[in-house]
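A look at the structure
If you want the building blocks of each chain, they are given just below.
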Amino acid sequence: MTYDLLIIGGGINGAAIAREAALNGLSVLLVEKGDLAGATSSASTGLIHGGLRYLEYYEFKLVAEALRERERLIHAAPHIIRPMLFVLPHENAVRPWWLVRAGLYLYDFLGGRMSLPRSRGLRKTDTAFTAPLKGGNKGFVYSDAQVDDARLTVLNAVDAAANGAEIAVRTELLSARREGQLWRATLGDGREVAARALVNAAGPWVHQMLGKLGVNAASGVRLIKGSHIVVPRLYAGDHAYMLQQPDGRIVFAIPYQRDFTEIGTTDVPVDRPEDAVIDADEIAYLCEAANRHFVKQISPTDVTSTWSGVRPLYDDGASEAKAVTRDYVLELDTNGAPLLSIFGGKITTARHLAEEAMGKLAGPMGVTVSPRTRTRVFPGGAIADFTTFVAHAGATWPFLGEARLNRMARSYGTLLTAMLDGVADKAAMGADLGGGLTEIEARWMHDREWARTADDALMRRSKIGLHLTATERATFASWWAKAYPA
């Protein structure tokens, strides 16, 4: 079969490009050797943000673009993206007060007209913000947003598939070669396919993929490991903290899964994508980063879970990992059938990257494209007011219970109507498989969201696995193996 576009990689960039291309009427095949968001795109800090600290490196264009995308995304996916206030204490600060204040003014200015509150100084009345801190009430408050990164990736794929794209997970690209104006590829599922253009969105494996394709890249990539730890909740409230460190870096402390606080991230150069494993020094660094600021102290023994991802950043020659640009580079090779390789990028700007990618491919492919996703809501995101939506859902399905209702509303939004069609009571949802996850939801993840293993469901489509014991996770894995034998 011949497709217009063959996309390699089911991370946020590949899924976003599949969505933009499908909405432009192109036939699309996306292949992913593992799971959607199986690597970097499920290992981010989970923020939709402009990147306040990038202003120090004069990344004004990137920050402005990201802030515009932040505004689009909070309206396009209000179920999985929530606005959040960030407290920036000015204790242990390595930057002068006036410089931080000026940076926040610039951050607000670059954001243009926005629906989120603008930055301000901490007030004496901000006791909810200052009580957890060792220091006083000197500092700032600004706005960004939190996102479920893996679900955003999946929803890009869901929307792409709804508009004709084929999503093939657990399907490796074994080889591909140019034959005239077509790419001919052999896939791990036994298929031989052809495509008019190929997109290399393999993330940390982008250079390895170019080698497999027999193409030399003009651009370089630097692999930077970012690790996070999770500890029992350090403070009450729905706000986050941006903590300045003596080495000039910043570390976030963010509410996570109701009962926990996420702390991250690190910036450690690595040689291979497979090196995405946290080490003892990183855990110690993140604990110390939190302990400099919070009254409640932690140690490595308090860490309940961790994750690490390798960010494939465009190599701009910067000497320090923290200074490497977070902007992306799209490298187009037209020596035969078009090949577009993606270097860098971030969760927040993936939609814009996809739009630019299609613009680059349009000429060589001989197609006409136009932006299709700027005002388009994501599946489940047609929600005017989230609080009102949750209240209506609770009245419609009172048997869900408050905790499960809020979790499912956040995960699925208006798609709950399709999932729970004809469900009149708790029993109709099937057995509880742990943590409030029932059979009907697990089957939805398999049938509608390409979950193929127990971990796909527990750790990426949801974070329910974090709330389960080892025995409960094993029980779920046993159910999954029986329901979906390999």
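To be clear, the structure that these remarks concern was listed above.
Throughout what follows, the structure given in this document is the object of discussion. (Residues numbered from 1 in each chain as written. Predicted model: local features only at pLDDT ≥ 70, side-chain atom pairs only at ≥ 80, totals over all residues. Heavy atoms only, no water.)

**Topic: the overall build of the chain**
Each helix and strand counted, the chain has 14 helices and 18 strands in total. In terms of overall dimensions, the chain is globule-like: its C-alpha atoms have a radius of gyration of 22 Å, near the 23 Å expected for 486 residues. Each principal axis of the C-alpha atoms in the chain carries an extent, and together these give about 70 × 60 × 45 Å. A buried classification covers 59% of the 486 residues belonging to the chain. Residue pairs at least 24 apart in sequence account for 72% of intrachain contacts in the chain once pairs closer than 6 positions are excluded. Between the averaged position of the 54 positive side-chain charges in the chain and that of its 54 negative side-chain charges there is a distance of 4 Å. (Helix = DSSP H or I, 4+ residues; strand = E, 2+ residues; numbered from the N terminus. Rg over C-alpha atoms; globule rule 2.2 N^0.38 Å. Buried < 20%, exposed > 50% of the residue type's maximum accessible area, 1.4 Å probe, protein only. Contact = heavy atoms within 4.5 Å. Lys, Arg positive; Asp, Glu negative; His and termini not counted. Charge placed at Lys NZ, Arg CZ, Asp CG, Glu CD.)

**Here's the deal with unusual backbone geometry**
For the peptide bond that leads from Gly264 to Thr265, omega is 15°, which places it in the cis range. Positive phi, normally seen in glycine, also occurs at Tyr58, with a value near 60°. In this fold, Tyr58 is placed in the loop between strand S3 (47-48) and helix H2 (60-76). Here the phi dihedral of Arg170 falls at roughly 50°; this positive angle occurs in a residue that is not glycine.

**Considerations on the side chain of Ser227**
Of note, Ser227 is situated in strand S11 (residues 221-232). Taking relative accessible area as the criterion, Ser227 reaches 0% and is therefore assigned buried. Other than its neighbours up to four places away in sequence, Ser227 contacts Ile263, Gly264, Thr265, Thr266, Ile278, Glu282, Leu286, Trp307 and Ser308.

**A look at the pairing of S11**
Within S11, 10 of the 12 residues are buried, leaving the element largely enclosed by the surrounding structure. Relative to strand S16 (residues 305-314), S11 runs antiparallel, the two sharing 10 bridges. Bridge assignment links Ser227 to a residue of S16, and that residue is Ser308. Across two bridges, S11 lies against strand S15 (residues 268-269) in antiparallel orientation. Bridge pairing in S15 places Lys225 opposite Val268. As paired strands, S11 and strand S14 (residues 260-264) are joined by five bridges and run antiparallel to one another. Within S14, the position partnered with Pro232 by the bridge is Phe260. (Pairing = 2+ DSSP bridges.)

**Details of the nonpolar core**
Ranked by internal contacts, the top residues of the largest apolar core, which has 48 residues, are Leu5, Ile7, Ile17, Ile81 and Val199. Excluding residues within four positions of it along the chain, Ile17 makes contact with Leu5, Ile7, Val199, Ile342, Leu353, Ala354, Ala357 and Met358. Core analysis: the next-biggest nonpolar cluster, separate from the first, contains 45 residues, Val63, Leu133, Leu234 and Val303 among them. (Core = buried A, V, L, I, M, F, W, Y, C linked by side-chain atoms within 4.5 Å.)

**Some remarks on the packing of aromatic side chains**
Aromatic ring pairs are described here by two measures, namely the spacing of the ring centres and the angle between the planes. Applying the stated criterion across every chain, the model contains 15 aromatic pairs. Ring geometry for Tyr235 versus Tyr241: centroids 4.8 Å apart, planes at 85°, classification edge-to-face. The exposure classification of Tyr235 matches that of Tyr241, with both residues buried. Both rings, one in Tyr235 and one in Phe294, keep their centres 5.7 Å apart while their planes meet at 15°; by these two values the pair is stacked. Taken together, the residues Tyr235 in the loop between S11 and strand S12 (240-244) and Phe294 in the loop between helix H7 (280-291) and S16 connect sequence positions 59 residues apart. For the pair Tyr235 and Phe294, one class covers both residues: buried. An aromatic cluster is defined as three or more aromatic residues linked by ring pairs; in this entry it consists of Phe86, Tyr107, Tyr142 and Phe252. The residue whose ring lies beneath Lys33 is Trp205, and the NZ or CZ to ring-centre distance is 4.4 Å. Directly above the aromatic system of Phe386 lies the positively charged group of Arg410, at a separation of 3.8 Å from the ring centroid. (Phe/Tyr/Trp six-rings, centres within 6.5 Å; stacked < 30°, edge-to-face > 60°. Lys NZ or Arg CZ within 6 Å of the ring centre and 35° of its normal.)

**Thoughts on the packing of helix H1 (residues 12-23) against helix H5 (residues 149-162)**
Close contact between H1 and H5 brings their axes to 8 Å; oriented N to C, the two are set at 25°. The orientation of H1 relative to H5 falls into the category roughly parallel. H5 is crossed by H1, and the crossing has left-handed handedness. Seen from H1, the contacting residues are Ile12, Ala15, Ala16, Ala18, Arg19, Ala22 and Leu23; seen from H5, they are Leu152, Thr153, Asn156, Ala157, Asp159 and Ala160. Split by residue class, the contact of H1 with H5 holds nine nonpolar, two polar and two charged. (Axes fitted to C-alpha atoms, helices over the stretch in contact; angles between N-to-C directions. Parallel < 35°, antiparallel > 145°, perpendicular 65-115°, else oblique. Left-handed = near helix turned anticlockwise from the far one by under 90°. Nonpolar A, V, L, I, M, F, W, Y, C, P; charged D, E, K, R; others polar.)

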